[in-house]
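# Notes for the structure review
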Amino acid sequence: MSAEATEDDLREALALGAATVPATWPEPIPLDRQPKLPPFPVHALPGWVSDFVVALAEETQTPVDLAGALALSVLATAAGGRAVVQVRGRWREPTNLFVVVALGPANRKSAVFAAMTAPLYEAENTLVEGSNLTIVEAEVTARMAREAADKAAVQAAKAEGPERDNLVAEAIGLAQTAEALTVPPRPRLLADDATPETVTTLLAEQGGRLAVMSAEGGIFDIIAGRYSGVPNMEVFLKGHAGDRLRVDRRTRQEFIEAPALTMGLAVQPSVLEDIGKNRGFDGRGLLARFLYCLPESLVGYRKIDPDPVPPAVGATYERNVFALTLKLADWTDPLVVQVGPEADAALVAYAERIEPQLRAKGGRLGHIGKWAGKVIGATARIAGLLHLADHIDGGTNKPISAATMRAAIEVADYFTAHALSVFDIMGADATLARARTLLSVLEDKGWESVTRRDLFAKVSRAEFPTVAELEPAAAVLEDHGYIRIETPPRTGKRGRPPAPRYSIHPCVREAKA
């Protein structure tokens, strides 16, 4: 490897377990470098969506990322629970998503949120109006059936002789009929400040379909147990994956065969810092289910008199979201969207590119493996949503094209870059913090090389209580090119194996010179 090798070249060589180390020391990769995050790839969205996203970002003077990421949540609300992506074999992906945008105060998150979700509320109101007559008829029918059953039971209780048996049989039949009658719930697409128990009930009532959309981060406090004192994230975990959900409580019984829960949140960055401190969220895998967006604030650089959204652009967006939502609302068996052969080849190539990056040692995404391990599935979901949005007027029976899959991959790459920064903010990579501590010690000591034992003797026991805590941090320094870990050969068959020795990059030794 030459001295001009890029950061990715070095990481890839280390990830693939290069047999030899470079003869010269390449420039190390800074541990604290925060790369400039890419902007949301608006061009990857269908034209009518991207036109509105760009225009709304201009009108509100907000980063295009905010409206772009929320657009995916809106499409997922319209299609989630009513459409699935058939990838290959038995692999199917639902079309619901968890998306969270982190942006500081005074960035007009609420205004963007309201504009993006407005057609969903309009569609919900239309569904409610259309169901009112059916609900009233069902309520009257059910009430009359219960009254008839009660009257028959009273008559049977008073009867005597042979007539009693006939009246009892009639009362039982009427009671069974009354029990079988159900009153359909009022349609709901959206929830906001809802407890996990309420979300579960709404999902059950709505046939497994619901979206939690909010311009605040209070839902995380609720999940953590703000009201109950006990964290409850089961419905969110299973609602994302589509796993069967059954609730058996003394007061309620609910069963959802294939829940499809969508979440679209716009929060302040401090919310991400707070949830990162809740190890239960990460341990159960809740954090790994979100697609993260960390746009750069425009506050201080905004136009005072920006152009408004063109009426035709706004009307097209509202009409199409409304139409897609109502088109899929009555589906019970999901619409199956096939991945075409060329699209599948593109997804396979993407998976082959991502897989080496998941390695715990040297992999670019190894320290966020729980999240990155789900990115291929998320890509298929995004592709399905882009496909449905591209075929509002028909053609949903066509397979997903290679172009649509490539667009989804570009969006997934965007979320991957942002996830790396977000998990750093949340402190998910504690090893990186320890690696910085080790680097500081190496800079202070100015060693050319040092044994693991001697290095361990110089670090704080509060941060490194055992050698086992030191080794992952040393591996990070090796991955970034600051040290090379060398294990001396055994000199005999008995006793402990020789401890590793660390050779140190000249720039580290010269840092304090």
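The numbers attached to residues start from 1 for each chain and follow its sequence in the written order. Reporting of local features is limited, given that this is a predicted model, to residues whose pLDDT is at least 70; pairs of side-chain atoms are given and counted only at 80 or more, and all residues count toward the totals for whole chains, interfaces and linings. Computation of side-chain values covers all heavy atoms of the structure but excludes hydrogens and water.

### A word on the pattern of salt bridges
The rule for a salt bridge is simple: a side-chain nitrogen of Lys or Arg has to be within 4 Å of a carboxyl oxygen of Asp or Glu. Inspection of every chain in the model, using the stated rule, returns eight salt bridges. Between Arg-188 and Glu-124 there is a salt bridge, with the nearest N and O atoms lying 4.0 Å from each other. With a gap of 64 residues between them, Arg-188 in the loop between helix 5 (162–180) and strand 4 (190–191) and Glu-124 in helix 4 (residues 109–158) connect regions that are remote in the sequence. Arg-452 serves as the salt-bridge partner of Glu-471, at 2.3 Å between the closest nitrogen and oxygen. Of this pair, Glu-471 sits in helix 18 (residues 467–479) while Arg-452 is found in helix 17 (residues 452–457), placing the two residues 19 residues apart along the sequence. The helix and strand labels rest on DSSP assignments: H or I over at least four residues marks a helix, E over at least two residues marks a strand, and numbering proceeds from the N terminus.

### Re the confidence of the model for the protein chain
Across the protein chain, pLDDT averages 85, with 88% of residues at or above 70. A residue's pLDDT is the predictor's confidence in that residue, given on a scale from 0 to 100. Across the protein chain, the secondary-structure element scoring lowest on mean pLDDT is helix 1 (residues 7–15), at 50, and the one scoring highest is helix 2 (residues 47–60), at 98. Contacts were defined at the residue level, with two residues in contact if any of their heavy atoms lie within 4.5 Å. Low pLDDT, under 50, characterises residues 1–5; the predicted model gives this stretch five contacts beyond four residues in sequence or across chains. Taken together, the stretch residues 13–21 has pLDDT below 50 and engages in 11 contacts with residues farther than four places along the chain or on a different chain.

### A few points about the packing of helix 3 (residues 64–79) against helix 11 (residues 311–329)
With axes taken as lines fitted to C-alpha atoms, and helix axes fitted only over the stretch in contact, angles between N-to-C directions fall between 0 and 180 degrees. At a minimum axis separation of 7 Å, helix 3 and helix 11 run at an interaxial angle of 30°. Viewed along their axes, helix 3 and helix 11 adopt a mutual orientation that is roughly parallel. Here helix 3 contributes Val-74, Leu-75, Ala-78 and Ala-79 to the contact with helix 11, which in turn contributes Tyr-317, Val-321, Leu-324, Thr-325 and Leu-328. Classification used: nonpolar for Ala, Val, Leu, Ile, Met, Phe, Trp, Tyr, Cys and Pro, charged for Asp, Glu, Lys and Arg, polar for all others including Gly. Class assignment for the residues of the contact of helix 3 with helix 11 results in eight nonpolar, one polar and no charged. Working rule for angles: under 35 degrees goes down as roughly parallel, over 145 as roughly antiparallel, 65 to 115 as roughly perpendicular, anything else as oblique.

### As for the sheet that holds strand 10 (residues 335–338)
DSSP calls a pair of strands paired once it identifies at least 2 bridges connecting them. The strand order across the open sheet formed by three strands is 2-1-10, and the pairing between neighbours is mixed. The sheet is open, and its two edges are formed by strand 2 (91–94) and strand 10, each paired on a single side. Sheet twist, expressed as the average angle between the axes of neighbouring strands with direction ignored, equals 30°. For strand 1 (residues 83–88) and strand 2, the ladder comprises four bridges, and the chain directions are antiparallel. If you follow Arg-88 over to strand 2, its bridge partner there is Trp-91.

### Focus: unusual backbone geometry
You will see that Ala-106, though not glycine, has its phi angle at about 65°, which is positive. Take Ala-106: it is sitting in the loop between strand 3 (98–102) and helix 4. Even without being a glycine, Arg-108 presents a positive backbone phi close to 60°. Under the scheme applied here, a residue whose accessible area is under 20% of the maximum for its type counts as buried, over 50% as exposed, and between as partly exposed, the area being computed with a 1.4 Å probe on protein chains only. The exposure class of Arg-108 is partly exposed, given its relative accessible area of 39%.

### Regarding the side chain of Lys-109
Mapping Lys-109 onto the fold places it in helix 4. Excluding its chain neighbours within four sequence positions, the residues that come into contact with Lys-109 are Leu-66, Leu-103, Gly-104, Ala-215, Ala-266, Val-267 and Gln-268.

### Quick notes on the sheet that holds strand 12 (residues 483–486)
Hydrogen bonds between backbone groups are what pair the strands of a sheet, and the pairing can be parallel or antiparallel. Spatially, the three strands line up as an open sheet ordered 11-13-12, and their pairing is antiparallel. Only two strands of the sheet have a single neighbouring strand rather than two, namely strand 11 (449–451) and strand 12. Put simply, the sheet's adjacent strands are angled 20° from each other on average, direction ignored. Relative to strand 13 (residues 501–504), strand 12 is paired through four bridges, and the arrangement is antiparallel. Paired with Ile-483 across the two strands is Ile-504, which belongs to strand 13.

### As for the pairing of strand 3
The buried fraction of strand 3 amounts to five of the five residues, a majority that puts the element mostly inside the structure. Burial along strand 3 is two-sided: Phe-98, Val-100 and Ala-102 facing one way and Val-99 and Val-101 facing the other are all buried. Pairing of strand 3 with strand 8 (residues 260–267) involves five bridges; the strand directions are parallel. Bridge pairing in strand 8 places Ala-102 opposite Val-267. Pairing of strand 3 with strand 9 (residues 290–293) involves four bridges; the strand directions are parallel. By the bridge assignment, Phe-98 is partnered in strand 9 with Phe-290.

### A word on the packing of aromatic side chains
Any two of the Phe, Tyr and Trp rings considered here, Trp counted by its six-membered ring, make a pair once their centres fall within 6.5 Å; the pair's planes then place it as stacked at under 30 degrees, edge-to-face at over 60, or tilted in between. Taken as a whole and assessed by the stated rule, the structure comprises eight aromatic pairs. Their ring planes at 75° and their centres at 5.1 Å tell us that Phe-40 and Tyr-414 sit as a pair that is edge-to-face. With a gap of 374 residues between them, Phe-40 in the loop between helix 1 and helix 2 and Tyr-414 in helix 15 (residues 402–425) connect regions that are remote in the sequence. Pair check on accessibility: Phe-40 and Tyr-414 agree, each one buried. Only lysine NZ and arginine CZ atoms are considered, and such an atom sits over a ring when it is within 6 Å of the ring centre and within 35 degrees of the ring normal. Of note, Arg-461 hangs over the ring of Phe-456, and the distance from its end group to the ring centre comes to 3.8 Å. It is Arg-484 that lies over the ring of Trp-25; its NZ or CZ is 3.7 Å from the centre.

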